[in-house]
Amino acid sequence: MTLKAAIVGLGGVYPMHSNSLAAIGVPVAAVCDKVPERAEEAARRTGARAFTDYGEMLAAGGFEVLHICLPHYLHAPIAIEAMRAGYHVLCEKPMATAVSDAEVMVKTAAECEKTLGVIFQNRYNPGSRLIKEAIDSGALGTVTGGWLRVTWHRGADYYKNSDWRGKWATEGGGVLINQSIHTFDLMNYFLGTPHHLNASIANRAHPEIEVEDMAEGVIFYGRDGNIPVSFYVNTYHPYDAPVGLEIVGTKGHAVLIGEDVEIKYADGTTRAVGADTDAQKRFGIKDYWGVSHVKQIAAFYESLRKGEPPEITGASALATQRLINGIYDAARKINEERLP
């Protein structure tokens with residue numbers, strides 16, 4: 001089956017999609033951005049048709065899959081419109097800014113019999129796969145808890161140079177829904193659907209934005225909510241420190257730092273894995289983020305050719321959307337209760 005792609009939104013994450021599609025041999029038939037120069041430049045590079053109106057692009061057709069690389073608040077409405085117009089959709093994270101919108105996306109995919117995928121490429125990292133295997137096989141024993149940490153730097157210019165970041169209505173939040181959502185998604189990937197949580201959020205160092213730049217709390221996993229996972233994330237660290245995550249079990253514990261994972265077992269043995277250098281060489285992409293994009297995008301198209309659902313569907317990504325929005329809801333409730 002020959003499949004062609006279109007991409008709407010030609011900003012920072014666009015190269016991850018265009019380069020990945022080129023690496024796996026999927027033609028880009030159309031590109032769209034509200035900035036004409038961006039659309040024209042992308043068209044020159046890919047041989048695609050250039051559009052500045054996504055509605056016109058959908059009407060023109062000539063492709064089967066729409067890649068959405070837009071600001072967060074546009075993900076849901078354009079995905080829904082595209083699926084109703086007969087296209088499969090591969091959407092960048094987050095699915096939406098609200099759970100209700102994400103649920104409509106999933107419902108629309110089912111009603112229209114279209115495939116909805118959501119980019120959570122870090123599930124494809126070798127270290128993530130190793131941890132998942134150790135948990136699912138029982139090698140780690142019974143999971144008793146864990147933690148995650150994302151401490152990055154986003155300066156004032158990051159927000160001032162954008163017309164949508166740092167605003168509740170358009171970004172949907174801050175460090176939770178944008179910078180650290182991948183790490184929360186990994187924890188869901190490892191441990192399943194959260195049982196309940198307790199959290200707080202704050203804006204401590206970015207007076208120029210509305211949204212949070214810090215969040216901390218505990219998520220309880222397990223059927224009975226007896227697996228606590230603590231978290232701390234912020235965007236006022238001096239630099240982008242490596243992401244950290246740990247899963248503790250009765251037979252060992254796994255630690256992820258950046259791209260590196262080490263599992264230490266109670267019997268004294270260890271397993272470790274780092275960056276996928278073979279994939280970097282094969283696809284000609286040095287950055288592991290891009291390599292993981294290639295893997296997920298390749299898997300998405302392979303699932304379409306086979307007529308099977310992809311590994312990360314809209315329905316499976318919905319749990320992460322609910323977790324992020326659940327943290328916001330819990331934090332707001334705590335703050336309300338503390339008011340005089």
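As a reminder, the structure under discussion sits directly above these lines.
Residues numbered from 1 in each chain as written. Predicted model: local features only at pLDDT ≥ 70, side-chain atom pairs only at ≥ 80, totals over all residues. Heavy atoms only, no water.

Participant: Before we go on, may I ask you to explain the packing of helix 6 (residues 126–136) against helix 8 (residues 181–191) in this structure?
Facilitator: Packed helix pairs are specified by the crossing angle of their axes together with the interaxial distance, meaning the distance between the axes. Relative orientation of the contacting elements helix 6 and helix 8 amounts to 30 degrees, with a least axis distance of 9 Å. Classed by the angle they form, the pair helix 6 and helix 8 counts as roughly parallel. Two packed elements cross with a definite hand, and for helix 6 against helix 8 that hand is right-handed. In this structure, helix 6 uses S128, R129, I131, K132 and I135 to contact helix 8, whose residues at the interface are L186, Y189, F190 and L191. Grouping the amino acids of the contact of helix 6 with helix 8 by side-chain chemistry returns six nonpolar, one polar and two charged. (Axes fitted to C-alpha atoms, helices over the stretch in contact; angles between N-to-C directions. Helix = DSSP H or I, 4+ residues; strand = E, 2+ residues; numbered from the N terminus. Parallel < 35°, antiparallel > 145°, perpendicular 65-115°, else oblique. Left-handed = near helix turned anticlockwise from the far one by under 90°. Contact = heavy atoms within 4.5 Å. Nonpolar A, V, L, I, M, F, W, Y, C, P; charged D, E, K, R; others polar.)

Participant: Mind showing me how you'd approach the sheet that holds strand 9 (residues 214–221) here?
Facilitator: Across the sheet, eight strands lie side by side as 8-9-10-7-11-12-13-14; this open sheet has mixed pairing. Two strands lie at the open edges of the sheet, namely strand 8 (196–202) and strand 14 (270–273), each paired on one side alone. Adjacent strand axes in the sheet meet at a mean angle of 5 degrees when their direction is disregarded. In this sheet, strand 14 lies alongside strand 13 (residues 260–265) in antiparallel orientation, the contact comprising four bridges. Following the sheet pairing, V261 is matched in strand 14 by V273. Across the sheet, helix 6 is in contact with strand 7 (143–151), strand 11 (244–249), strand 12 (252–257), strand 13 and strand 14; its angle to strand 13 comes to roughly 25 degrees. Packed on one face of the sheet, helix 8 meets strand 7, strand 9, strand 10 (227–234), strand 11 and strand 12 and runs near 20 degrees to strand 11. (Pairing = 2+ DSSP bridges.)

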